[in-house]
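# Coordinates in review
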Amino acid sequence: MPQMDADDSGPATTPVAASPPPPDRTAGAAAPFDERPVDAPSTPVGPPTPSTPLDTQADRQTTAAAPDTAAAAAPATEAAAPGADARARANGRAAGEVRTAAAPGGSVESGSTQIAGVRDRAAPDAVDVRKVAGSERVGAEDEGPDGEAVGDRPWRRALIAGFWIFVAGKVALAAVTAFSWIGEKRPNVTAAYIAAQWASQWDSKWFIDIAQRGYYPEPEKAPAAFFPMYPMLIRILTPLCLGKPWVAALLVANVASFGALVVLYRLTEREFGRVVAGRTVFYLVAFPTAFFLTAAYNEGLFIGLMVAAVYCLRRQHWWWAGAFSGLAVFTRSAGVLLAGAFVWEYVRVHRFTLRTSALAVLLVPVGVAGVAVFSLNAYGEPFAFLKAQQYWGRHLDWPWMPVWRGVQSLHSGLGLKYGFSDVWVHNLLELATALMCIALLVLNFVGPWKVRRDQWVMPLIGIGLTLLMISFPSSHQPYPLYSASRFGLEIFPAFMILARIGARQWVDRIVIALFFMLQAVLAAYFVRGGWVA
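The sections below set out a description of the structure shown in this document. Just so it is clear, the structure is predicted and the values come from calculations on it, not from any experiment. (Residues numbered from 1 in each chain as written. Predicted model: local features only at pLDDT ≥ 70, side-chain atom pairs only at ≥ 80, totals over all residues. Heavy atoms only, no water.)

Scanning the protein chain for helices and strands turns up 20 helices and two strands. Counting only residues that meet the buried cut, the protein chain has 50% of its 533 residues in that class. In the protein chain, the share of contacts with a sequence separation of at least 24, taken over all contacts with a separation of at least 6, comes to 75%. Accessible surface, the protein chain as shown: approximately 25300 Å² in total, 65% of it carbon and sulfur. (Helix = DSSP H or I, 4+ residues; strand = E, 2+ residues; numbered from the N terminus. Buried < 20%, exposed > 50% of the residue type's maximum accessible area, 1.4 Å probe, protein only. Contact = heavy atoms within 4.5 Å. Areas by Shrake-Rupley, 256 points an atom, 1.4 Å probe, with all protein chains shown as cover.)

Structure (structure tokens):
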């Protein structure tokens, strides 16, 4: 069920008053209903005061009710006090105990509200505590067989939220792109030319060339570094896009990015609640290098497949998780991390009891085998994609070394009066991204925003992605953390924890302002042919 951050649930409120316990009875005497005198004041369970938000009643209150006061109101019997009316007897029931299970580490489990002491035979005019306390909150309804709220439409909500954030991001980027030619008296460009620029920069050319020509040998088998999934989709859709591969490339990238936003919203809502889900998706779209989700790159496709795999793992849909994981590794090499995530989550759920569903993890190496087949067919060796990394200067190193070299490059740049140059600014962006991701992932395990132990699979994937990002630096000096600012987009657990911290208004405003302003500058630079990451 979705989890709500404690910081998002609103201010603390006054607990719902509980009825006093019934009077002492003689030993062995049974009391089927309340035997208070007729003139004794009753304590009905009513709605919260107008000044108290409904959602805070469900998320922040704990009303202690004595165990022996859970007797329901019953029809009148011979033992009823003379002259007692039906309303007094109905209101003799104990108030339902509304308690919210606090998750380890301080996060509140939305949707885990448990109602005690309210029976089906309550009087017709009595107020239903569940409807009062939980009608405005995710998971307050009764649960269905799959753990979802009956009558709820979480995917519809995710589609709507993802759609509007997606549209807002594209409108902002369109404005930035239009102003990228400001200052030129006669730029001599058209709308089609400007749109095509998003599919003709840097790695975009490699993807489109592979889609048109297949994997070609020169230079130094470099195309093998680009995995087949994205070029295959471009090739398939090109005939439907008037034969223009750059249109197909943008179509695939943007549709995949939209899907990634929807699935990320749904996963985050399930784990931390709607408010955190909205901020998570918004922060991802606002991130300084999020314009790569619009360009003809495979970032959006990989993020969507990876998050879909994690969502299926959390729902214990093992075969779907394996399928999405296999497609993710067919898109980017970092997808192999999902095999470890699968094993972790499967063991957490089933311990070491193997079932047929455990075989779904084999779909991950099937994805790797698919890449090897393409490499074998094009270059005569199945692991040409590994050797191709030499062309890009990638090599294995201790994870702290590239970070340290990034710090040194910034310091030496200032000392040599090269500060704020192109190289210096790039290193600052890459280093800041790496350090931000590391810090946010640490906060998943310590501090007030740490996640529950059963949610560890998400930050563990983030740690794996971060290690890959910083452990395979480029020898192309002077960029020790080559493309780290772009790879940071894939570390979705960092955006989840940042969204929880963003419950503080001043943090939220700083993040939005900083992210959007940096993205505007970098996007304008990128669309004019500048290298960003």
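Our next topic: the environment of Ala199. In this fold, Ala199 is placed in the loop between α5 (191–197) and α6 (203–213). With a relative accessible area of 4%, Ala199 lands in the buried category.

With that out of the way, let us pick up a nonpolar patch on the surface. Nonpolar side chains collect at one region of the surface, where Trp344, Leu460, Ile463 and Leu467 lie side by side and expose about 320 Å² of accessible area between them. Per element, the largest residue contribution to the nonpolar patch is three residues, and it comes from helix α17 (residues 457–471). Along the chain, Trp344 falls in helix α12 (residues 337–350). Taking relative accessible area as the criterion, Trp344 reaches 38% and is therefore assigned partly exposed. (Patch = residues over 30% accessible without salt bridge, like charges linked within 9 Å, V, L, I, M, F, W, Y side chains within 5 Å. Salt bridge = Lys/Arg side-chain N within 4 Å of Asp/Glu carboxyl O.)

Turning our eyes to something else, we now look at the layout of surface pockets. Considering only enclosed or pocket space, the largest pocket measures out at about 1000 Å³ in volume. Around the largest pocket, the lining comprises 37 residues; the ones closest to its centre are Arg332, Ser333, Gln389, Arg394 and Phe487. When residues of the lining of the largest pocket are traced back to their parent elements, those giving at least two are α6, α13 (363–379), α14 (384–387), α17 and α18 (484–487). Space inside the second largest pocket adds up to approximately 470 Å³. Taken together, 18 residues line the second largest pocket, and the ones lying closest to its centre are Pro288, Leu428, Leu429, Leu518 and Leu522. (1 Å grid on protein atoms, 1.4 Å probe; cavity = no way out; pocket = protein on both sides within 12 Å on 5 of 7 lines; lining within 4 Å. Points joined across faces, edges and corners; volume = space filled by probe spheres on them.)

The next thing to look at is the packing of helix α4 (residues 154–179) against helix α8 (residues 245–272). In contact at an axis separation of 8 Å, α4 and α8 are set at 130 degrees when each is read in the N-to-C sense. Viewed along their axes, α4 and α8 adopt a mutual orientation that is oblique. Seen along the crossing, α4 lies across α8 with a hand that is right-handed. For the pair formed by α4 and α8, the contact residues are Pro154, Trp155, Arg157, Ala158, Leu159, Ala161, Gly162, Phe163, Phe166 and Lys170 on the first element and Asn254, Phe258, Leu261, Val262, Val263, Tyr265, Arg266 and Glu269 on the second. (Axes fitted to C-alpha atoms, helices over the stretch in contact; angles between N-to-C directions. Parallel < 35°, antiparallel > 145°, perpendicular 65-115°, else oblique. Left-handed = near helix turned anticlockwise from the far one by under 90°.)

This brings us to the side chain of Ser180. Relative to the assigned elements, Ser180 resides in the loop between α4 and α5. Given a relative accessible area of 9%, Ser180 falls into the buried group. One polar contact links the side chain of Ser180 to the main-chain carbonyl oxygen of Val176, over a distance of 2.8 Å. Ser180 has contacts with Ala524, Val527 and Arg528, leaving out every residue within four places of it along the chain. (Polar contact = N/O pair within 3.5 Å; in protein donor to acceptor, adjacent residues only side chain to side chain.)

What follows covers the nonpolar core. By size, the foremost hydrophobic cluster in this structure holds 123 residues, and its most contacted members are Trp198, Tyr230, Phe291, Ile461 and Phe492. What Ile461 contacts, discounting residues up to four positions off in sequence, is Met306, Val310, Leu337, Leu338, Ala341 and Phe492. (Core = buried A, V, L, I, M, F, W, Y, C linked by side-chain atoms within 4.5 Å.)

What follows deals with unusual backbone geometry. We note that Leu242 has phi near 60 degrees; this positive angle belongs to a residue other than glycine. Within the secondary structure, Leu242 sits in the loop between α7 (229–237) and α8. Residue classification places Leu242 among the exposed residues on the basis of a relative accessible area of 76%. Here Ser483, not a glycine, exhibits a phi torsion of approximately 65 degrees, which is positive.

Using the criterion set out here, one finds 33 aromatic pairs in the structure. Arranged with centres 6.0 Å apart and planes meeting at 10 degrees, the rings of Phe342 and Tyr346 form a pair that is stacked. Note that Phe342 and Tyr346 are positioned in helix α12 at a spacing of four residues, about one turn of the helix. Of the residues examined, Phe342 reaches a relative accessible area of 3% and is grouped as buried. What makes Tyr346 buried here is its relative accessible area of 4%. Judged by centre distance (5.0 Å) and plane angle (90 degrees), the rings of Tyr391 and Trp392 are edge-to-face. By relative accessible area, which is 28% here, Tyr391 ends up partly exposed. Here the aromatic residues Trp206, Phe207, Phe226, Tyr230, Tyr391 and Trp392 are joined through ring pairs into a cluster of three or more. Lying over the aromatic face of Phe302, Arg332 brings its terminal NZ or CZ to 5.6 Å of the ring centre. When the ring centre of Phe292 is taken as origin, the NZ or CZ atom of Arg486, which lies over that ring, is 5.6 Å away. (Phe/Tyr/Trp six-rings, centres within 6.5 Å; stacked < 30°, edge-to-face > 60°. Lys NZ or Arg CZ within 6 Å of the ring centre and 35° of its normal.)

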